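# Structural characterization, general
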Amino acid sequence: MVDISAWTSTSGSAEARARAVEAMSRSFHRSGLCLITGHGVPSALRERTYDASLEFFRQEQGVKDRFASREKGTPGYMAMG
């Protein structure tokens with residue numbers, strides 16, 4: 001988990017922001033994912049977004065493929081493998 005409240009708070013120091021950046025970098029390099037806290041996004045919005053993503057990923061592969069990225073690292077859906 002990486003707390004980014006240093007960016008969302010007026011009391012966040014440059015050192016705290018640098019630590020958060022380093023923690024995010026380590027997480028992305030280790031697993032490709034990063035769980036971020038301290039962002040201020042309301043829980044109801046996070047839950048709706050999560051529910052929408054589940055709805056998308058439960059679709060048949062052909063439906064998901066219509067949203068596929070053609071190059072790694074570009075926005076959009078990318079199938080496993």
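Each value, and the rule that gives it
- Residues numbered from 1 in each chain as written.
- Predicted model: local features only at pLDDT ≥ 70, side-chain atom pairs only at ≥ 80, totals over all residues.
- Heavy atoms only, no water.
- Phe/Tyr/Trp six-rings, centres within 6.5 Å; stacked < 30°, edge-to-face > 60°.
- Core = buried A, V, L, I, M, F, W, Y, C linked by side-chain atoms within 4.5 Å.
- Buried < 20%, exposed > 50% of the residue type's maximum accessible area, 1.4 Å probe, protein only.
- Helix = DSSP H or I, 4+ residues; strand = E, 2+ residues; numbered from the N terminus.
- Contact = heavy atoms within 4.5 Å.
- pLDDT = per-residue confidence, 0-100.

## As for the packing of aromatic side chains
The tally for this structure, following the rule as stated, stands at two aromatic pairs. With a centroid separation of 5.1 Å and an interplanar angle of 85°, the aromatic rings of phenylalanine 56 and phenylalanine 57 are classed as edge-to-face. Among the aromatic side chains, those forming a connected cluster through ring pairs are Phe56, Phe57 and Phe67.

## Overview of the nonpolar core
The biggest cluster of nonpolar side chains holds six residues, and these are Val2, Ile4, Ala20, Ala23, Met24 and Cys34. If one sorts the elements of this core by residue count, helix α2 (residues 14-31) sits on top with three residues.

## Topic: the environment of valine 2
Relative to the elements of secondary structure, valine 2 occurs in strand β1 (residues 2-3). In this structure the C-alpha to C-alpha distance between valine 2 and alanine 20, which are 18 residues apart in sequence, comes to 6.3 Å. With near-sequence residues (within four places) excluded, valine 2 lies in contact with Ala20, Ala23, Met24, Cys34, Leu35, Ile36 and Thr37.

## With respect to the confidence of the model for the protein
Scored by pLDDT, the protein has a mean of 87; 99% of the residues are at 70 or more. Across the protein, helix α3 (residues 43-57) holds the top mean pLDDT of 95, while helix α1 (residues 5-8) sits lowest at 82.

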